[in-house]
Amino acid sequence: ETGVTQSPTHLIKTRGQQVTLRCSSQSGHNTVSWYQQALGQGPQFIFQYYREEENGRGNFPPRFSGLQFPNYSSELNVNALELDDSALYLCASSLGGGTGSYEQYFGPGTRLTVT
Amino acid sequence: AQSVTQLGSHVSVSEGALVLLRCNYSSSVPPYLFWYVQYPNQGLQLLLKYTSAATLVKGINGFEAEFKKSETSFHLTKPSAHMSDAAEYFCAVSSDTGRRALTFGSGTRLQVQP
C-alpha cells in the first residue's frame, strides 16, 4: 500500500510569484485535504476535495486554490505569494463519503519559503 | 465552531517517567478527537483516535488517551517515556460532517531526558 506522497520537498519562491504543490493520495482514498503549518504552530485547514469537487474551505483567501484529478491526486495553487505564505504545506488523504473513515493520513509535506 | 487547547507548549520528562500531554476541546456537536505526532522535518502520524466508541483509546507506541465529556478533555498518556518519544504532539478535533476537516491545537513539544 502506497502512502501519501508530496512534491516537491522544498521550494523557494519570490514574493508575487505563483506556486503549485502536488499530492498523491493513499491507495483507495477519494478525499484530499490541504493544511498550512507555519513555524511553531499547528496545521490550519485550507480546503478539502472529495471526488474532484471542493468540499469545504478554511479561512484562506481565494488566491489559494486547488484541483483534484480523477485518480484523486491533488494540486494546491497559490497566487501572488506573500512572505507569510512561508510554511510547511501538508496534504492528507482519507476515505470520504457517508461511511468513510475519519482518519486522515498525512504526507511528509512541502516546505515553501517565500523571499 | 470547534477549537482545541493544548496546555503546555513544552513538556520535559525523564526516560521511564509518565508522559501526560493535555488537550481540552470545544465543540458544539459530538466531537471526534485525534492525537498526531510529528517528528522533525516530517509529516503527521496518527497515534490514536476517539470516534464515540470506548472512552479509553489505545494507540500505537504504548500511548493511550481518555475521553472525558464532563471535562471536555482528551489527555494523552504513556506510562514510561522512551527517548524515541521526543517529538511534537498535536491534538485535533473533527465533527460528524461531510467535510470532517481537522482543527488542530498549537502542539506540545515533548523532551525526554536520559
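In the block above lies the structure referred to throughout.
Anyway, here's the lowdown on the structure attached to this text. Since the model is a prediction, treat every value here as computed from it, not as a measurement. Throughout this document, residue positions are counted from 1 along each chain, in the order its sequence is written. Lettering of chains starts at A and numbering of ligands starts at 1, both following the order in which they are written. Two thresholds apply to this predicted model, a pLDDT of at least 70 for residue-level local features and 80 or more for giving and counting side-chain atom pairs, whereas whole-chain, interface and lining totals are computed over all residues. Each side-chain value is worked out from all heavy atoms of the structure, with water and hydrogens disregarded.

**Some points on the sheet that holds strand β8 (residues 74–78) of chain A**
Residues and elements named next belong to chain A.
And step 1. Pairing within the open sheet is antiparallel, and its four strands lie in the order β1-β3-β8-β7. Each end of this open sheet is capped by a strand with a single partner; those strands are β1 (5–7) and β7 (64–68). Neighbour to neighbour, the strand axes of the sheet diverge by 20° on average, direction disregarded.
And step 2. Direction of pairing for β7 relative to β8: antiparallel, over a ladder of five bridges. Bridge pairing in β8 links F64 to V78. In this scheme, strands are said to pair when DSSP sees at least two bridges between them. We count a stretch as a helix when DSSP gives it H or I for four or more residues in a row; a strand needs E for two or more, and each element gets its number in order from the N terminus. Axis definition: a line fit to C-alpha positions, over the contact stretch in the case of helices; interaxial angles, taken between N-to-C directions, run 0 to 180 degrees.

**A look at the nonpolar core**
And step 1. Judged by nonpolar contacts, the single largest core of 26 residues is most densely connected at W35, L48, F74, L76 and Y89 of chain B.
And step 2. No other element matches the four residues that strand β10 (residues 87–95) of chain B contributes to this core.
And step 3. Every residue pair with non-hydrogen atoms within 4.5 Å of one another is taken to be in contact. Setting aside anything within four residues of it in sequence, one finds F74 of chain B in contact with C23, L33, F34, W35, L48, Y50, V57, A65, E66 and F67 of chain B.
And step 4. C23, F60, L81 and C91 of chain A belong to the second-largest nonpolar core, a separate cluster that totals 20 residues. In this description, a nonpolar core means a group of buried Ala, Val, Leu, Ile, Met, Phe, Trp, Tyr and Cys residues linked to one another through side-chain atoms lying within 4.5 Å. Buried, partly exposed and exposed residues are distinguished by accessible area as a fraction of the type maximum, computed with a 1.4 Å probe on protein chains only: under 20%, between the cut-offs, and over 50%, respectively.

**Notes on the state of the cysteines**
And step 1. Note on terminology: pairs of cysteine sulfur atoms within 2.5 Å are recorded as disulfides. Scanning all chains against the criterion turns up two disulfides over all chains.
And step 2. In this model C23 of chain A forms its disulfide with C91 of chain A; the gap between the sulfur atoms is 1.7 Å. Taking the sign of the torsion about the S-S bond as the criterion, the disulfide between C23 of chain A and C91 of chain A, at about -55°, is left-handed. On the criterion of sequence distance, the pair formed by C23 of chain A in strand β3 (residues 19–24) and C91 of chain A in strand β9 (residues 87–94) is long-range, its members being 68 residues apart.
And step 3. Overall, C23 of chain A belongs to the buried group, its relative accessible area being 2%.
And step 4. A residue is classified by how much of its surface remains accessible, and C91 of chain A, at 0% relative accessible area, is buried.
And step 5. The partner cysteine of C23 of chain B in its disulfide is C91 of chain B, sulfur to sulfur 2.0 Å. On the sign convention where negative is left-handed, the bridge of C23 of chain B and C91 of chain B, at about -60° about the S-S bond, is left-handed. One end of the pair, C23 of chain B, is in the loop between β3 (19–21) and β4 (24–26); the other, C91 of chain B, is in strand β10, and 68 residues separate them in sequence.

**Concerning the pattern of salt bridges**
And step 1. Whenever Lys or Arg places a side-chain nitrogen within 4 Å of a carboxyl oxygen from Asp or Glu, that contact is recorded as a salt bridge. What the rule picks out here adds up to eight salt bridges over all chains.
And step 2. For R57 of chain A, the salt bridge is made with E54 of chain A, and the minimal N-O distance between the two is 3.4 Å.
And step 3. Given a relative accessible area of 40%, E54 of chain A falls into the partly exposed group.
And step 4. Of the charged contacts, one joins E88 of chain B and R109 of chain B as a salt bridge, the two residues approaching to 2.9 Å between their closest N and O atoms.

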